[in-house]
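Examination of the molecular architecture
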Amino acid sequence: MSLSEAEAANELMRLARAIAKHDRLYHAQDNPEITDQEYDALVRRNAALEEAFPHLIRSDSPSHKVGHEIDASPLGKVTHEVRMMSLDNAFTDDEVVDFVGKVRRFLKLAEDQFLAFTAEDKLDGLSCALRYENGRLVQAATRGDGNVGENVTANVAHVSGVPESLDYASHRQSNFAVPSVLEIRGEIFMEIADFDELNRSNAIYGQKTFANPRNAAAGSLRQKDPSKTASRGLKFMAHGWGAISETPTDSQYDMMRVIQDFGLKVSDLLQRVESIEAMLSHYKEIAEKRPKLPYEIDGVVYKVDRLDYQKRLGFVAKAPRWAVARKFPAERVETTLEAIDIQVGRTGKLTPVGRLAPVMVGGVTVTNVTLHNRDEIARLGVRPGDRVVIQRAGDVIPQVVENLTRDEDREPYNFPDHCPECRSEAVAEEGEVDVRCTGGLICPAQRTQRLEHFVSRKALDIEGLGTKTIAQFFALGWLESPADIFRLKHRREEILALEGWQDKSVDNLLAAVENKRQPDAARLLFGLGIRHVGEVTARDLMKHIHELPALRRIAEEARSEEGDAASELTSIDGIGPSVVEALGDFFHEPHNVAVWDHLLNEVTPPPYVVETLDSPVAGKTVVFTGKLETMSRDEAKAQAERLGAKAAGSISAKTDLLVAGPGAGSKLKKAGELGIEVIDEAGWAAIVAAAG
């Protein structure tokens with residue numbers, strides 16, 4: 001993954017915000033802006049970044065959350081006795097094979113040992129838990145954030161397939177009694193025909209129409225007036241269970257048949273499959289039947305059949321290890337590429353975005369498509385006016401998968417060699433495909449994003465200066481460079497005059513700024529967003545050089561090839577020629593030097609000194625992976641530095657110790673292959689405690 005730590009940290013921040021926003025729109029407001037495929041792409045990108053940069057995993061990471069927290073609701077809230085989890089996704093046959101392999105390895109099963117799964121269609125509806133006590137329905141709740149959901153007991157009484165009592169005597173083909181407590185979980189959904197009729201009727205009477213049946217079902221179930229729910233034709237289909245006083249059988253498949261015997265609807269497509277070949281075959285069978293089903297589905301769910309195996313496998317952060325959802329591929333459509341626009345990001349990267357003739361994909365109108373970079377445009381041969389095939393999968397926004405008119409005789413698209421925002425030269429460094437604006441902090445397209453990075457949590461961490469505030473102050477001409485942040489104290493009355501600001505909020509903001517007058521030097525250096533100088537690199541530099549003025553002097557000498565400055569920098573563990581070149585280039589630009597000088601006139605970073613203790617890990621390289629449960633990752637890295645160790649982000653032959661928490665993945669495996677010592681979080685805590 002060719003991202004710097006700064007770029008990865010910022011993308012993780014944007015992904016966390018975007019995913020939280022779309023979770024809220026989907027789960028709490030029933031009004032999603034993107035398709036399931038696009039949402040899945042966001043989640044996969046977040047997971048890939050967290051795998052590559054585990055030390056950057058955020059406290060609000062989407063990988064640790066299920067659904068969305070329930071806001072104040074007129075329906076009331078319900079705390080689930082057993083957490084309602086989500087499912088991990090697979091998008092290819094190979095990923096299904098990998099899933100089965102992981103299950104076998106976890107259970108230590110040989111390849112020839114029998115292992116069965118259930119397979120059923122994945123309904124695209126609203127998750128709901130029905131709690132029965134002594135056979136009678138006492139409560140119904142939505143999933144919410146997995147721990148707390150909305151109380152929809154009154155409304156589910158009007159949902160077809162939700163019996164008031166479990167009349168197992170008229171259904172059962174087995175001899176099982178209804179458990180005294182049984183929470184049945186499934187999906188509330190609206191059939192396609194009922195959805196079409198609802199939208200037709202609402203359109204006639206000027207009422208809200210819905211984008212898809214899932215939204216319609218969710219909105220219908222959450223009506224304050226249950227009679228409105230009753231008019232919507234909702235249905236319920238069971239796919240599992242939660243709290244249960246006693247489990248009458250020992251397999252997933254048999255338990256679902258018992259639930260069916262108790263009077264609830266279970267998918268007609270549910271099967272027990274006993275090999276990978278059977279799993280993939282059933283997926284194809286369901287995919288073929290999908291267009292003719294009366295309801296919408298978005299994939300197939302596989303679950304380990306034996307319940308004792310499920311118990312052994314357990315859960316990761318938000319999903320069971322014993323289940324996976326094999327999603328259907330994204331829809332592909334044709335449209336016209338009408339224009340190519342260039343967007344400039346925080347690091348100066350020029351990203352081409354295709355403007356499309358509007359086209360419907362998966363129920364959503366698409367007008368933009370990512371073209372990634374100059375090389376991708378050349379590979380596709382796209383020009384304005386081309387007919388292209390797009391799909392909504394594998395990226396944050398849709399992507400072009402084919403150019404249908406590339407052979408037509410037209411001039412090729414010429415990628416710009418100057419920034420469209422500031423007209424500075426735009427170049428690609430040797431060995432890189434991305435073209436970047438060289439304007440740096442004078443480029444208006446980069447300024448606000450750079451300011452956001454400067455005040456972010458891992459940089460100066462100034463509370464109150466969020467995206468909206470920075471954009472507002474920038475538009476007013478109050479913020480153009482980091483130094484301007486420390487001049488805001490002179491604008492107290494002007495800020496107070498703005499809508500939404502009160503004495504307390506202004507004073508809190510100015511106090512937060514003033515509190516950073518003596519910032520940590522490594523955080524400040526990281527916050528400047530210098531190319532290749534991420535969080536760890538900034539600390540490595542300052543541990544060796546100690547003071548920021550000295551860093552500038554050495555960087556300038558290295559660029560002019562004076563003395564041994566370049567060798568001094570590259571002798572620092574983790575600092576290579578690309579970092580030296582980036583530092584030299586930064587201080588070679590007069591506008592960057594002006595920003596630097598103005599900033600250091602406002603702040604006084606103390607010398608960067610890490611006080612270290614004698615410890616068994618002094619001089620060693622430590623990597624943290626998995627979820628840390630008693631401390632943040634920042635705290636763990638600070639502890640490592642205090643003990644004289646280096647906290648690295650990836651496993652290599654130079655790694656001496658791996659601290660592995662729950663959910664540790666490829667790094668744990670690689671450590672085993674390299675013979676690296678591995679301890680858990682308790683072992684690390686013991687080392688810290690022993691060092692005092």
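For the structure itself, look to the data block above.
Here the residue index of a chain counts from 1 through its sequence in written order. Predicted model: local features are reported for residues with pLDDT of at least 70 only, side-chain atom pairs are reported and counted for 80 or more only, and whole-chain, interface and lining totals are derived from all residues. Water and hydrogen atoms play no part in the side-chain values, which are based on all heavy atoms of the structure.

**Some details on the nonpolar core**
Joining through side-chain atoms within 4.5 Å is the link that ties buried Ala, Val, Leu, Ile, Met, Phe, Trp, Tyr and Cys residues into a set, and such a set is a nonpolar core. The classification of residues rests on relative accessible area computed with a 1.4 Å probe and restricted to protein chains. Under 20% of the type maximum is buried, over 50% is exposed, and intermediate values are partly exposed. Ranked by size, the top nonpolar core spans 55 residues in total, and within it Phe454, Phe473, Ile485, Leu525 and Leu541 carry the most contacts. Whether two residues are in contact is decided by their heavy atoms, any of which lying within 4.5 Å being enough. Not counting residues up to four positions away in its chain, the partners in contact with Phe454 are Ala459, Leu460, Pro482, Ile485, Phe486, Leu524, Gly527, Leu528 and Leu599. Ranked by size, the runner-up nonpolar core spans 36 residues in total, among them Val178, Ile184, Phe210 and Phe236.

**Regarding the pattern of salt bridges**
Between Lys or Arg on one side and Asp or Glu on the other, a salt bridge is scored when a side-chain nitrogen of the former is within 4 Å of a carboxyl oxygen of the latter. For the structure on display, the rule yields 43 salt bridges. Linking Arg272 and Asp305 is a salt bridge whose minimum nitrogen-to-oxygen distance equals 2.8 Å. Of this pair, Arg272 sits in strand E9 (residues 271-273) while Asp305 sits in the loop between strand E10 (297-304) and helix H10 (307-313), placing them 33 residues apart in sequence. Assessed through its relative accessible area of 5%, Asp305 is described here as buried. Note that Glu556 is salt-bridged to Arg552, the shortest N-O span being 3.2 Å. With a gap of four residues between them, Glu556 and Arg552 both fall in helix H19 (residues 548-559), about one helical turn apart. A run of H or I in DSSP becomes a helix once it reaches four residues, and a run of E becomes a strand once it reaches two; helices and strands are each numbered from the N terminus.

**Considerations on the environment of Thr625**
Here Thr625 is to be found in strand E19 (residues 621-625). Contacts of Thr625, omitting those with residues within four sequence positions, involve Arg633, Leu658, Val659, Ala660, Gly661, Ala664 and Lys667.

**Quick word on the sheet that holds strand E22 (residues 677-679)**
The strand order across the open sheet formed by four strands is E20-E19-E21-E22, and the pairing between neighbours is parallel. Of all the strands in the sheet, just strand E20 (646-648) and E22 have a single pairing partner and so form its edges. Each adjacent strand pair in this sheet contributes to an overall mean axis angle of 30°, direction not counted. Across three bridges, the pairing between E19 and E20 is parallel. Note that in E20 the partner of Val623 across the bridge is Ala648. Sheet strands touched by helix H24 (residues 666-674): E19, strand E21 (657-660) and E22. Its angle to E21, the strand with the most contacts, is close to 145°. The axes are straight lines fitted to the C-alpha atoms, using for helices just the contacting stretch, and the angles between their N-to-C directions are given from 0 to 180°. Its contacts with the sheet place helix H25 (residues 681-691) against E19, E21 and E22, and it is angled at close to 120° to E21. We treat two strands as partners when DSSP finds at least two bridges between them.

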